[in-house]
Amino acid sequence: MRIRLLAVGTRMPAWITAGFEDYAQRLPRELKLELVEIAVEHRGKNADIARLRDAEGEKLLRAAGREARLIVFDEHGDSLDTNGWAKALQGWMQDGREVCLAVGGPDGHASAVLAAASARWSLSKLTFPHALVRVLIAEQLYRAHSLLSNHPYHRA
């Protein structure tokens, strides 16, 4: 199966790219993690933030497509522990449908993206830099997979 991480933002620091790729490459071939970067809309001095967020949302929804299961990361979403991630991953693998995990831009997700999502997840009550979230998601997917496959990476 394929999981795509749709992330608003481009030109990440090399250590972010390396961290994401490290965990993505640890996953087995049958569980492919891809990163799709969505360009941030230009925010000028008197920018209409709602319009810019909606434009980013349209790009996210186009990238996700209609058939994929869309899960958005949102500060008001459900907090899952590692077992919750593993249970979700197991369900996705059994379902076989493509999964898109969406990280919004600097002003969050458009209402259309939130409405299209099958779930909203929160990584923490803390606020993280959007770049770092990519690495956290990749690591948690690898951890969930290691838990399902009884790999010693996850020592609970």
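Residues numbered from 1 in each chain as written. Predicted model: local features only at pLDDT ≥ 70, side-chain atom pairs only at ≥ 80, totals over all residues. Heavy atoms only, no water.

1. With respect to the environment of Ala7
- As for its position among the elements, Ala7 is in strand S1 (residues 2–8).
- Accessibility expressed as a relative area gives 1% for Ala7, which makes it buried.
- In this structure, the C-alpha to C-alpha distance between Ala7 and Arg134, residues 127 residues apart in sequence, is 7.7 Å.
- Not counting chain neighbours up to four residues away, the residues in contact with Ala7 comprise Leu35, Val36, Glu37, Ile38, Val103 and Arg134. (Helix = DSSP H or I, 4+ residues; strand = E, 2+ residues; numbered from the N terminus. Buried < 20%, exposed > 50% of the residue type's maximum accessible area, 1.4 Å probe, protein only. Contact = heavy atoms within 4.5 Å.)

2. A few points about the sheet that holds S1
- Across the sheet, which stays open at both edges, the five strands sit in the order S2-S1-S4-S3-S5 with parallel pairing between neighbours. The open sheet is flanked by strand S2 (32–38) and strand S5 (119–122), the only strands paired with a single partner. Strand after strand, the sheet turns through a mean of 30 degrees between neighbouring axes, direction not considered.
- Summarising the sheet, S1 and strand S4 (residues 99–103) pair through five bridges and their orientation is parallel. Looking at S4, one finds that Arg4 is bridged to Cys100.
- In this fold helix H3 (residues 82–95) packs onto S1, strand S3 (69–79), S4 and S5, with an angle of close to 165 degrees to the strand it touches most, S3. (Pairing = 2+ DSSP bridges. Axes fitted to C-alpha atoms, helices over the stretch in contact; angles between N-to-C directions.)

3. Focus: unusual backbone geometry
- In this structure, Arg11 takes a positive phi of about 55 degrees despite not being glycine.
- Mapped onto the secondary structure, Arg11 falls in the loop between S1 and helix H1 (14–26).
- On the basis of relative accessible area, Arg11 is assigned to the exposed category, the value being 80%.
- At Asn150, a position not held by glycine, the phi torsion is positive, near 55 degrees.

4. Notes on H3
- With 14 residues, H3 should cover 20 Å at 1.5 Å per step; its first-to-last C-alpha distance of 20 Å lies within 8% of that length.
- The complete set of buried residues in H3 reads Thr82, Gly84, Trp85, Ala86, Ala88, Leu89 and Trp92.
- Where H3 is buried, its residues touch S1, S3, S4, S5 and helix H5 (130–148).
- Put simply, Asp81 is the residue that caps the front of H3, since its side-chain oxygen is 3.2 Å from the backbone nitrogen of Asn83. (Expected span 1.5 Å × (residues − 1). Polar contact = N/O pair within 3.5 Å; in protein donor to acceptor, adjacent residues only side chain to side chain.)

5. Concerning the side chain of Ser122
- Relative to the assigned elements, Ser122 resides in strand S5.
- Within the structure, Ser122 has its side chain in polar contact with the backbone oxygen of Ser124 (distance 3.0 Å).
- Apart from residues lying up to four places away in sequence, Ser122 is in contact with Asp74, Glu75, Gly77, Asp78, Ser79 and Leu80.

6. Quick word on the packing of H1 against H5
- Remark: H1 packs on H5, axes separated minimally by 8 Å, with the N-to-C direction vectors making an angle of 15 degrees. By the angle between their axes, H1 is roughly parallel relative to H5. Between H1 and H5 the crossing geometry is left-handed. Along its contact with H1, which presents Trp15, Ile16, Gly19, Phe20, Tyr23 and Arg26, the element H5 presents Ala131, Leu132, Arg134, Val135, Ala138, Glu139 and Tyr142.
- Here the residues of the contact of H1 with H5 are counted per class, giving nine nonpolar, one polar and three charged. (Parallel < 35°, antiparallel > 145°, perpendicular 65-115°, else oblique. Left-handed = near helix turned anticlockwise from the far one by under 90°. Nonpolar A, V, L, I, M, F, W, Y, C, P; charged D, E, K, R; others polar.)

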